[in-house]
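# Fold and contact review
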Amino acid sequence: MKILIKNMVCDRCISAVQNIFDEAEVKVKTIHLGEVETESEISENERFIIENKLEKIGFEIIKDPSQQLIESIKNLIILKISRLETDENFLLSNFLSNALHKDYSALSKVFSQNENITLEQYYILQRIEKVKELLFNNDFTLTEIAIHMGYKSVQHLSSQFKNSTGYTPTEFKKLKVLDRKPLDQV
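Not measured: the values here are computed from a predicted model. (Residues numbered from 1 in each chain as written. Predicted model: local features only at pLDDT ≥ 70, side-chain atom pairs only at ≥ 80, totals over all residues. Heavy atoms only, no water.)

## Notes on the sheet that holds strand β2 (residues 28-32)
Taken in spatial order, the 4 strands make up an open sheet running β2-β3-β1-β4, and their pairing is antiparallel. Of all strands in the sheet, those with a lone pairing partner are β2 and β4 (60-61), marking the two edges. Across 3 bridges, strand β1 (residues 2-6) lies against strand β3 (residues 35-38) in antiparallel orientation. Counted as the bridge partner of L4 is E35 from β3. (Pairing = 2+ DSSP bridges. Helix = DSSP H or I, 4+ residues; strand = E, 2+ residues; numbered from the N terminus.)

## A short note on the environment of T170
The topology assignment puts T170 in helix α9 (residues 169-175). Assessed through its relative accessible area of 43%, T170 is described here as partly exposed. (Buried < 20%, exposed > 50% of the residue type's maximum accessible area, 1.4 Å probe, protein only.)

## Notes on the side chain of R127
With respect to the helices and strands, R127 occurs in helix α6 (residues 119-137). Buried and unpaired, R127 has E120 as its nearest opposite-charge partner, separated by 6.9 Å. For R127, the residues in contact, after removing those within four places along its chain, are I81, M149, G150, Y151 and Q160. (Lys, Arg positive; Asp, Glu negative; His and termini not counted. Salt bridge = Lys/Arg side-chain N within 4 Å of Asp/Glu carboxyl O. Contact = heavy atoms within 4.5 Å.)

## Concerning the nonpolar core
Counting 49 residues, the largest nonpolar core has I5, V17, F21, I73, I77 and L119 as the members making the most contacts within it. Here this core gets 7 residues from one element, more than from any other, and that element is α6. The contact partners of I5, leaving out residues within four places of it in the chain, are V17, F21, G34, V36, L54, F59, E60, I62 and E71. (Core = buried A, V, L, I, M, F, W, Y, C linked by side-chain atoms within 4.5 Å.)

## A word on the pairing of β1
The pairing of β1 with β4 spans 2 bridges and is classified as antiparallel. Within β4, the residue paired with K6 across the bridge is E60.

## Side note on the packing of aromatic side chains
For the structure on display, the rule yields 4 aromatic pairs. Where F90 meets Y123, the ring centres are 5.7 Å apart and the plane angle is 35 degrees; that geometry is what we call tilted. Of this pair, F90 sits in the loop between α3 (65-82) and α4 (92-100) while Y123 sits in helix α6; the two residues are 33 residues apart in sequence, bridging distant segments of the chain. The same class applies to F90 as to Y123, namely buried. Here the aromatic residues F90, F95 and Y123 are joined through ring pairs into a cluster of three or more. (Phe/Tyr/Trp six-rings, centres within 6.5 Å; stacked < 30°, edge-to-face > 60°.)

## A word on helix α2 (residues 44-56)
For an α-helix the count is 3.6 residues per turn, leaving residues at separations of three or four pointing the same way. With 13 residues, α2 should cover 18 Å at 1.5 Å per step; its first-to-last C-alpha distance of 18 Å lies within 8% of that length. Every buried residue of α2 is listed here: R47, I50, E51 and L54. Along the axis of α2, the buried positions cluster into a sector of 100 degrees, meaning they face one direction only. Relative to its buried face, α2 has exposed residues pointing more than 90 degrees away, namely N45, F48 and K56. Contacts made by the buried residues of α2 are with β1, α1 (11-23) and β4. Following α2 by one or two positions, G58 has its phi on the positive side, about 95 degrees. (Expected span 1.5 Å × (residues − 1). Arc of directions from axis to C-beta.)

## What to know about unusual backbone geometry
A positive phi angle, close to 80 degrees, is found at N7, a residue other than glycine. Looking at the element boundaries, N7 is found in the loop between β1 and α1. The phi dihedral of L84 falls on the positive side, at around 55 degrees, and the residue is not glycine. With respect to the element layout, L84 can be found in the loop between α3 and α4.

Given below as structure tokens:
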């Protein structure tokens, strides 16, 4: 049985959700960002227990099909960005269409109607949050960050960063601005 879960955005989230299913003694076949597949159907009582425990730590089971699709889109974007393997010729439309086997215009329409932000804007905000993390941790130079994040140039990254945050990447790094958002709140 597949169960989609909102707000699973990292490995720690996967671990926390796994613990909840273990406590409820529900055997998990696979678990990924936003999705748990159990080995068998779960009872209403088990579902109720799991749902309450999930809600206590900031997760929720997604029942609405359009919300399930949106959560899948978000998880794909977050995972893609976290890998730092985005090529400068990366096209969000092709990536999502291929991954979800749906027309991009339909995905975009459902997303923007429910999230009050376009898919492209969401993707940019997620990239900027990752850039903030990389700048704050001092992991890479700005040029390396631009390459890993799929920007065509440092200038493009800097321009998008300034439009989003009000700071240039250099100013952000110097000021040690702690203006980061959790990924599930972007």
